[in-house]
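Here are the chains, one letter per residue:
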Amino acid sequence: MNFHEQIKQGIPSVLPEAKPYPADANRAPKRKDILSSDEKQLAVRNALRYFPKEWHQELAVEFAQELKDFGRIYMYRFKPTYYMTARPITDYPAKSQQAAAIMLMVDNNLDPAVAQHPEELITYGGNGAVFQNWAQYLLAMKYLSEMENDQTLHLYSGHPMGLFPSSVDAPRVVVTNGMMIPNYSQPDDWEKFNALGVTQYGQMTAGSFMYIGPQGIVHGTTITVMNAFRKVLNKGENSQGKIFLTAGLGGMSGAQPKAGNIAKCITVCAEVNANAATKRHQQGWVDELIDNMDDLVARVRQAQANEEVVSIAYIGNVVNVWEAFFEHDIFVHLGSDQTSLHNPWSGGYYPVDISVEESNRLIRQEPEVFKEKVQSTLRRHADAVNKHTARGTYFFDYGNAFLLEASRAGGDVMSENGIDFKYSSYVQDILGPMCFDYGFGPFRWVCASGNPEDLDKTDAIASRVLNKIMRESPEEIQQQMQDNITWIDDAKQNKLVVGSQARILYADAQGRMEIAKAFNDAINSGEIGPVVLGRDHHDVSGTDSPYRETSNIYDGSRFTADMAIHNVIGDSFRGATWVSIHNGGGVGWGEVTNGGFGMLLDGTSAAERRLKSMLLFDVNNGIARRSWARNEEANFAIKREMERTPKLKVTLANVVEDEILNNLSF
Ligand SMILES: NC(=O)c1ccc[n+]([C@@H]2O[C@H](COP(=O)([O-])OP(=O)(O)OC[C@H]3O[C@@H](n4cnc5c(N)ncnc54)[C@H](O)[C@@H]3O)[C@@H](O)[C@H]2O)c1
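Being a predicted model, the structure only gives us computed values, none of them experimental. (Residues numbered from 1 in each chain as written. Predicted model: local features only at pLDDT ≥ 70, side-chain atom pairs only at ≥ 80, totals over all residues. Heavy atoms only, no water.)

Asker: How should the nonpolar core be read in this particular structure?
Answerer: A general tendency of soluble globular proteins is for nonpolar side chains to be buried together. Among the nonpolar cores identified, the biggest contains 141 residues, and Phe51, Phe63, Tyr137, Trp445, Leu533 and Leu601 are the most heavily contacted of them. Top element by residues in this core is helix 4 (residues 97-110). It accounts for nine residues. Setting aside anything within four residues of it in sequence, one finds phenylalanine 63 in contact with Val44, Ala47, Leu48, Phe51, Ile73, Met75 and Phe78. Judged by nonpolar contacts, the second largest core, of 41 residues, contains Ile266, Tyr314, Ile363 and Val374. (Core = buried A, V, L, I, M, F, W, Y, C linked by side-chain atoms within 4.5 Å. Buried < 20%, exposed > 50% of the residue type's maximum accessible area, 1.4 Å probe, protein only. Helix = DSSP H or I, 4+ residues; strand = E, 2+ residues; numbered from the N terminus. Contact = heavy atoms within 4.5 Å.)

Asker: What am I meant to see in the site of the ligand here?
Answerer: Around the ligand, the surrounding shell holds 26 residues, and the nearest of these are Gly251, Ser253, Glu271, Ser340 and His342. Take methionine 252: an N or O atom from its main chain is 2.9 Å from an oxygen atom of the ligand. Glycine 586 is positioned with one of its backbone polar atoms (N or O) 3.4 Å from an oxygen atom of the ligand. Here the ligand loses 92% of its free accessible area of 860 Å² to cover by the protein chains. Of the residues belonging to the shell around the ligand, the class tally is nine nonpolar, 15 polar and two charged. (Near = heavy atom within 4 Å. Polar contact = N/O pair within 3.5 Å; in protein donor to acceptor, adjacent residues only side chain to side chain. Areas by Shrake-Rupley, 256 points an atom, 1.4 Å probe, with all protein chains shown as cover. Nonpolar A, V, L, I, M, F, W, Y, C, P; charged D, E, K, R; others polar.)

Asker: In this structure, what is going on with the environment of serine 340? I would like to understand it.
Answerer: Inspection of the secondary structure puts serine 340 in the loop between strand 10 (334-335) and helix 12 (356-365). For the pair serine 340 and asparagine 360, spaced 20 residues apart in sequence, the C-alpha separation works out to 15 Å. Setting aside residues up to four positions removed in sequence, serine 340 forms contacts with Gly348 and Tyr349.

Asker: I tried to follow helix 8 (residues 255-262) on my own but got confused; where do I start?
Answerer: Two residues of an α-helix separated by three or four positions point the same way, owing to the 3.6 residues in each turn. Extensive coverage of helix 8 is indicated by the burial of six of its eight residues. Listing the buried residues of helix 8 in full gives Ala255, Gln256, Pro257, Lys258, Ala259 and Gly260. Next to the buried residues of helix 8 lie helix 7 (215-232), strand 6 (243-247), strand 7 (266-271) and strand 9 (310-315). The first or second residue beyond helix 8 is lysine 264, which carries a positive phi of 65°.

Asker: What's the story with a nonpolar patch on the surface in this structure? I'm lost.
Answerer: Nonpolar side chains collect at one region of the surface, where Val656, Ile660, Leu661, Leu664 and Phe666 lie side by side and expose about 570 Å² of accessible area between them. By secondary structure assignment, the location of phenylalanine 666 is in the segment after helix 22 (658-662). (Patch = residues over 30% accessible without salt bridge, like charges linked within 9 Å, V, L, I, M, F, W, Y side chains within 5 Å. Salt bridge = Lys/Arg side-chain N within 4 Å of Asp/Glu carboxyl O.)

Asker: Even after reading the chapter, I still don't get the sheet that holds strand 8 (residues 288-290), so can you show me in this structure?
Answerer: Two modes of strand pairing occur in sheets, parallel and antiparallel, and in both the strands are linked by backbone hydrogen bonds. Overall, parallel pairing links the seven strands, which are arranged 8-9-7-6-10-11-12 in an open sheet. A single partner strand is all that each edge strand has here, and the edge strands are strand 8 and strand 12 (424-425). Pairing geometry for strand 6 and strand 10, over two bridges, is parallel. Bridge assignment links leucine 245 to a residue of strand 10, and that residue is glycine 335. Seen against the sheet, helix 7 touches strand 6, strand 10 and strand 11 (394-397) and runs at an angle of roughly 145° to strand 11. Where helix 9 (residues 274-282) meets the sheet, it contacts strand 7, strand 8 and strand 9, and its direction lies at approximately 160° from that of strand 8. (Pairing = 2+ DSSP bridges. Axes fitted to C-alpha atoms, helices over the stretch in contact; angles between N-to-C directions.)

Asker: In this structure, what is going on with the pattern of salt bridges? I would like to understand it.
Answerer: When charged atoms on two side chains of opposite charge get close, those side chains can pair. Counted under the stated rule, the structure contains 34 salt bridges. Across the pair lysine 142 and glutamate 146 runs a salt bridge whose closest N-O atoms are separated by 2.7 Å. Placement of the pair is lysine 142 and glutamate 146 together in helix 5 (residues 134-146), with a separation of four residues, close to one helical turn. Classification of lysine 142 as partly exposed rests on a relative accessible area of 24%. On the basis of relative accessible area, glutamate 146 is assigned to the partly exposed category, the value being 30%. In this structure, the salt-bridge partner of glutamate 308 is arginine 299, at a minimum N-O distance of 2.7 Å. A single burial state applies to glutamate 308 and to arginine 299, both of which are buried. Members of the salt-bridge network, linked through shared partners, are Arg512, Arg535, Asp539 and Asp618.

Asker: How do you make sense of the packing of aromatic side chains when you look at a structure like this?
Answerer: How two aromatic rings sit relative to each other is set out by the distance from centre to centre and by the angle between their planes. If you walk through the whole model with that rule in mind, you get 27 aromatic pairs. Between tryptophan 190 and tyrosine 201, the aromatic rings sit 6.2 Å apart at their centres with planes inclined by 65°, giving edge-to-face as the arrangement. Placement of tryptophan 190 in helix 6 (residues 187-195) and of tyrosine 201 in the loop between helix 6 and helix 7 is noted, with a sequence separation of 11 residues between them. The pair formed by tryptophan 190 and tyrosine 201 is uniform in burial state, with each residue classed as buried. Here phenylalanine 421 and tyrosine 547 contribute two aromatic rings whose centre-to-centre distance is 6.2 Å and whose plane-to-plane angle is 45°, an arrangement assigned as tilted. Here phenylalanine 421 is found in the loop between helix 14 (402-408) and strand 12, whereas its partner tyrosine 547 is found in the loop between strand 16 (543-544) and helix 19 (562-574), with 126 residues between them in sequence. Exposure remark for tyrosine 547: the relative accessible area of 27% places this residue in the partly exposed category. Members of the aromatic cluster, connected to one another through ring pairs, are Tyr50, Phe51, Trp55, Phe63 and Phe78. The ring of tryptophan 190 has arginine 72 lying over it, and the distance from NZ or CZ to the ring centre is 4.9 Å. Seen from the ring of tryptophan 285, lysine 258 lies directly overhead, with NZ or CZ sitting 5.2 Å from the centre. (Phe/Tyr/Trp six-rings, centres within 6.5 Å; stacked < 30°, edge-to-face > 60°. Lys NZ or Arg CZ within 6 Å of the ring centre and 35° of its normal.)

Okay, structure coming up:
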């Protein structure tokens, strides 16, 4: 069967042969054995819903075994035999070009060159799923191939509930991932309901088909490191020869050394997993590998003396580095951490003084002992960081729940009021006030033709548009504009494209709209093929996450999720081609609500109408909320937008004098 036939048939009419998992696959970790016997029966019963009765006997045994071996039923036998990759949009069998664009994006998220555990349909973050199983993939692709422009496919955590009649202006796909009744959002609820096959963890861009490989993270991390140095350096100083100490060379964290090099500093990044460190070194993401502390100290001193720009991976525990640098009096300008503390009990954070192998054994056999070791390490980690910050190091939380878990472990990370942390998160200090509050966020696009020349042309168009806007921009956003112009001008030479022909570019509402309009014009004139627009959920408006995206909201509303919900609803009726809303993403299940969109630009006037309406709302919804929370930068940005857009009327906050409140007695 050729590719078209396979897509159009959905669940095959003949039971495919059972096949072994490929020996060289990067397997997802075995999930917790959480279901009772009755629940395991229910999980198999649920899985068999996708298949004809005559296969049930054989598949029931196989699925029960998968549940035993992996803790989940992935239905690996049904994985298609064709190579999974983002093909040019015209290669997909489809009646709707919008549906074909979505198929391309789905396949990109499952491309083995892009996805972390492709056999288990996991794109990134260890648990960021596109679908729960291969039957869902097959059915969704079949529906997309049949879909017309007045139908909408509703996906419930990967499960295609069906195609429903809608209208040409409605989204073609509506995605929800992990939406739970709020009381059922503890980490074990994910384990249980995911094992039952009724929900999934979509992370941010995994379950919404908007992942574009590592370049998204490199851009964001570069902006963070550059702006962090701007915060701490005196006028006239530069970052050369100054140290950025952090940890993690995994999926996202692996971008840190590359970003450090672009930001021109000495990056020391600890990584306990020698394989992960070596892989990043081989990929050219980190310059040097060092596995003993004496060598590290000597090399860092040399780099400081020579004011080098260099990135060094230390193979070992980050706590040892913080402690050794203190003993050796090595001054750290910037400190952070990107171990996976959103997932502390199953290998996201490795305790100090025991091997990785021993840790993995404890996770499986003595989880309580492992938990104690993680918590004592976190206390030691916090103490070591505190000693450095007392000397002047600027430490920031990198949205990985380091401060949250350190506080839960009893680490010394709380400020005197007992409510706030001693240190700010990268969003509180950097991305929030410098980017999100002004509307700058990780806008992205994919050239659906798959042609690299189209990507070059879009880079040039985006640069031209930003340069034009910058000439008329106020002082407040000049620095951001310049950073983003530099990024797009260097983007090609940074060689960051993996999978689809995609580009990330931080831009504000005006930038996003004008770039999108210029793309649509270029498509209309035949200069380039169709373009899919989107963004990371880690953005101005799409995500409510009290310890990350909305951590710089100080009016108490950071624990609410209205903004994310308004965003997804608002985008859906303003012309998004697909919308998605997720529970969990980055910081963990139950800790965040996040949403995003995809939009196909096809050069038509309808696409122009949609992009103008939707992008304006998609950014300004968040700026309005940030402004209402009394964030000065957002207040500035929303007033500017109201001047530009007469039909936009946003409620503005009146700011009370502290003195009035201080005189109150309660
Ligand atoms: N990069 C970003 O922009 C960004 C933004 C927000 C949050 N985060 C968070 O950063 C974290 C990391 O993400 P990831 O995709 O890289 O995860 P990952 O699990 O792929 O990588 C984390 C790495 O940390 C290593 N590690 C664990 N404990 C260690 C220790 N004590 N010392 C040294 N190394 C240790 C692990 O071996 C692993 O390779 C996540 O919690 C993520 O949510 C990243």
